[in-house]
Amino acid sequence: MSVDSTFESIINQVKVDVVSPTHDLDNARQLEIASRCFATDTVTVPTKEMYEYATKASLGDAVFHDPSTQALETHIAQLTGKEAALLVASGTMSNQLAIRTHLRQPPFSVICDGRSHINKYESGGAALHTGAHLIPLVPSNGHHLTLEDISPHVVLGEDIHIAPTRLICLENTLDGLILPQSDIVDISQFAHENDILVHLDGARLWHVAATTNIPMSVLCAPFDSVSLCFSKALGAPMGTCLVGSKAFIQKAKWFRKAFGGGMRQTGIIAAAIAYALTYNFPQLPRVHALTKRLEQGLRDLGVRILSPAETCMVYYDPSPIGVGYQEVQDSAAALPRPIMVMGPRLVVHIQMTTETIDDFLALLGILKEMRKDGVDRCH
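Before going into details, it helps to say that this report is about the structure given with it. (Residues numbered from 1 in each chain as written. Predicted model: local features only at pLDDT ≥ 70, side-chain atom pairs only at ≥ 80, totals over all residues. Heavy atoms only, no water.)

## Concerning the sheet that holds strand β1 (residues 84-88)
In step 1: One open sheet holds the 7 strands; their spatial order is β1-β7-β6-β5-β4-β2-β3, and the pairing between them is mixed. Looking at which strands have only one partner, the edges of the open sheet turn out to be β1 and β3 (133-137). Recorded for the sheet is a direction-independent mean angle of 20° between the axes of neighbouring strands.
In step 2: Here 5 bridges tie strand β2 (residues 109-113) to β3, and the two strands are oriented parallel to one another. Along β3, the bridge assignment pairs S109 with H133.
In step 3: Along the sheet, helix α9 (residues 181-193) contacts β4 (165-171) and β5 (197-201); its crossing angle with β4, the most-contacted strand, is approximately 170°.
In step 4: Most of the contacts of helix α12 (residues 246-258) go to β1, to which it runs at about 20°, and overall it touches β1, β6 (225-229) and β7 (240-244). (Pairing = 2+ DSSP bridges. Helix = DSSP H or I, 4+ residues; strand = E, 2+ residues; numbered from the N terminus. Axes fitted to C-alpha atoms, helices over the stretch in contact; angles between N-to-C directions. Contact = heavy atoms within 4.5 Å.)

Written as C-alpha cells, this is what we have:
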C-alpha cells in the first residue's frame, strides 16, 4: 500500500526514538548514580529482572478491568486487612484522594504533624482539592505525635467560628522515625469515639513492618484508610495503593477520575510492584543495618546526630567538626565517583552499598582533618 507523500511527511514529523545508542551504558551509569545518592529512596532504578517480569503482565484497560492490576489491588487489600485497594500514580495523589473522599461537606479541619508530607510537600492540596483547613502540630516529645498533643487541638461542638475536626492524618514512618503502635491505637480510639476519621500516610510503612515484625494488617487496623507507596522503600518505578472500605474505595475511584488519574494499561506497573514486594521488601533489614552503620560512623567522627537511624534515615549536623552542609555537598560531588547529598537528611535505600557508606564517612574524616589543620578547601 502506497503512502501519500504529504502523509509520509507527517509520519516523519511524528516518529521519535527515545532510546539512545548507548542505553545499556546509560542505564548502568544510572544504577551507579542511584547507589551513591543519599538524597532520597525514589532514585532507585528498575532492574532487568523487574523489567522482564513486568513484560509478562496482562494488557487490560485498568479504568475498566486489568487482571494484573486487580490481582495486585486484591493482594494489597488482603495484606492490610482492608476491604479494597486502589492503585494510583503517586503518594501525593493517594493522600489527596483519601482526604477528598473522607471529607464530604465543608467546613472541616484536618489535624496532622507539621513535618508531614501532607502538610509540607503536597502543594497545598488539602486546601486546593477539598477546601480543608490543616492544623499542623509539633510533637512535644520531639519524635512523634501523641494523643496528648492532638486532643487539645481537636475542634468539637457547634462553635460556628471554628472549622470542626473531621480527620486526623498520621504518617509512619516520618523522617525515618517510627510512630509507636500504642500511640496510634490511643489516637484512633479517641478519634472514633468523637466521630473523627483517621488516615495514615504509610508511604514507608514497609520499614515499620520490617523493623518491628508487626504484620501490615495490624499496623493498618486502627486506620480508616492507608496510603502505601511502592517507589519509596521498595524500588518500584511508580505507584501507590490507597486502601479502605469498599464504599470508600468506590468513591475514591470517582475522584481519581476527576483528578485525571485514571490509567489504562497498568498491568506492567502492577507487575513491577509485585516484583518489588516479592524481592525488594526482604532487603529492608539490610538497609536498616547500613543506616545504623552510617549513624555510628558519624558519631565516631564527632558529627552531631539530629535524628537517629530507626529505619532508613539519619539527620546529621557536621558543624561540630567545623564543616557545613554546602562544603559536604560540594566535596562529595567532586569525588572521582561522586556521592549526592542534600542538607541534613541522609536516606539509605536498597541499591546503596557498604562502599558508599564508607566512602562518605571517609570524606567527612578528610574534611575534619583539613579543618583541624587549618586548611581551607577552597584555596
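## Side note on the packing of aromatic side chains
In step 1: Inspection of the entire model under this criterion finds 7 aromatic pairs.
In step 2: Their ring planes at 45° and their centres at 6.3 Å tell us that Y53 and Y275 sit as a pair that is tilted. You can see Y53 sitting in helix α3 (residues 48-54) and its partner Y275 sitting in helix α13 (residues 267-280), a full 222 residues away along the chain.
In step 3: Since its relative accessible area comes to 14%, Y275 is described here as buried.
In step 4: Plain terms: the ring middles of Y316 and F360 are 6.2 Å apart, the flat faces sit at 85° to each other, and that makes the pair edge-to-face. Note that Y316 is positioned in strand β9 (residues 313-317) and F360 in helix α16 (residues 354-372), a separation of 44 residues in sequence. The pair Y316 / F360 is uniform in exposure class, with both members buried. (Phe/Tyr/Trp six-rings, centres within 6.5 Å; stacked < 30°, edge-to-face > 60°. Buried < 20%, exposed > 50% of the residue type's maximum accessible area, 1.4 Å probe, protein only.)

## Details of the nonpolar core
In step 1: In terms of nonpolar packing, the biggest core is built from 84 residues, with L298 and F360 touching the most fellow members.
In step 2: For this core, the element with the most residues is α13, which contributes 8 residues. (Core = buried A, V, L, I, M, F, W, Y, C linked by side-chain atoms within 4.5 Å.)

## A word on the pattern of salt bridges
In step 1: The tally for this structure, following the rule as stated, stands at 11 salt bridges.
In step 2: In this structure, E355 engages R337 in a salt bridge whose closest nitrogen and oxygen atoms are separated by 2.8 Å. Here E355 is found in helix α16, whereas its partner R337 is found in the loop between α15 (325-333) and β10 (345-347), with 18 residues between them in sequence.
In step 3: Classification of E355 by relative accessible area gives partly exposed; the value is 41%. (Salt bridge = Lys/Arg side-chain N within 4 Å of Asp/Glu carboxyl O.)

## Brief notes about the packing of helix α5 (residues 91-102) against α12
In step 1: Between α5 and α12, the least distance of the axes is 9 Å, while the angle of their chain directions is 115°. When the axis of α5 is compared with that of α12, the two are roughly perpendicular. Taken as a pair, α5 and α12 cross one another with a handedness that is right-handed. For the pair formed by α5 and α12, the contact residues are M93, L97, A98, R100, T101 and H102 on the first element and F248, K251, A252, F255 and R256 on the second.
In step 2: Looking at the contact of α5 with α12 residue by residue, the classes come out as 6 nonpolar, 2 polar and 3 charged. (Parallel < 35°, antiparallel > 145°, perpendicular 65-115°, else oblique. Left-handed = near helix turned anticlockwise from the far one by under 90°. Nonpolar A, V, L, I, M, F, W, Y, C, P; charged D, E, K, R; others polar.)

## With respect to α12
In step 1: The first and last C-alpha atoms of α12 sit 19 Å apart over 13 residues, in line with the 18 Å expected at 1.5 Å per residue.
In step 2: Taken together, the buried positions of α12 are occupied by F248, I249, A252, F255 and R256. Around the axis of α12, the buried residues are gathered within 115° of arc, so they sit on the same side. Among the exposed residues of α12, those pointing more than 90 degrees away from its buried face are K246, A247, W254 and A258.
In step 3: Buried residues along α12 sit in contact with β1, α5, β6 and β7.
In step 4: Residue G260 follows α12 closely and has a positive phi angle near 80°. (Expected span 1.5 Å × (residues − 1). Arc of directions from axis to C-beta.)

## So, unusual backbone geometry
In step 1: Cis geometry is adopted by the peptide bond preceding P107, which originates at P106 and carries an omega value of 5°.
In step 2: Locating P107 in the fold gives a position in the loop between α5 and β2.
In step 3: Following N172, the chain continues into T173 via a peptide bond in cis, with omega recorded as 0°.
In step 4: Positionally, T173 belongs in the loop between β4 and α9.

## Focus on the packing of helix α4 (residues 67-80) against α13
In step 1: With their axes 8 Å apart at the nearest point, α4 and α13 run at an angle of 40° to one another. With respect to their mutual orientation, α4 and α13 come out oblique. For the pair α4 and α13, the crossing hand works out as left-handed. Facing α4, whose interface residues are S68, T69, L72, H75 and I76, α13 presents G267, A270, I273 and L277.

## Topic: the sheet that holds β10
In step 1: Taken in spatial order, the 3 strands of this open sheet run β8-β9-β10, and their pairing is antiparallel. Pairing within the sheet leaves two strands with one partner each, and these edge strands are β8 (304-307) and β10. Geometrically, the sheet is characterised by an average inter-axis angle of 40° between neighbouring strands, direction not taken into account.
In step 2: As defined by bridge partners, β8 adjoins β9 across 3 bridges and the pair is classed as antiparallel. Bridge pairing in β9 links I305 to Y316.

## Examining the pairing of β9
In step 1: For β9, a buried count of 5 out of 5 residues is recorded, marking the element as mostly surrounded by other parts of the structure.
In step 2: Taking every second residue as pointing to the same face, both faces of β9 are buried, with M313, Y315 and D317 on one and V314 and Y316 on the other.
In step 3: Pairing of β9 with β10 involves 3 bridges; the strand directions are antiparallel. Bridging from a neighbouring strand, V314 pairs with L346 of β10.

Honestly, that's just the spatial picture; any functional story needs more than this.
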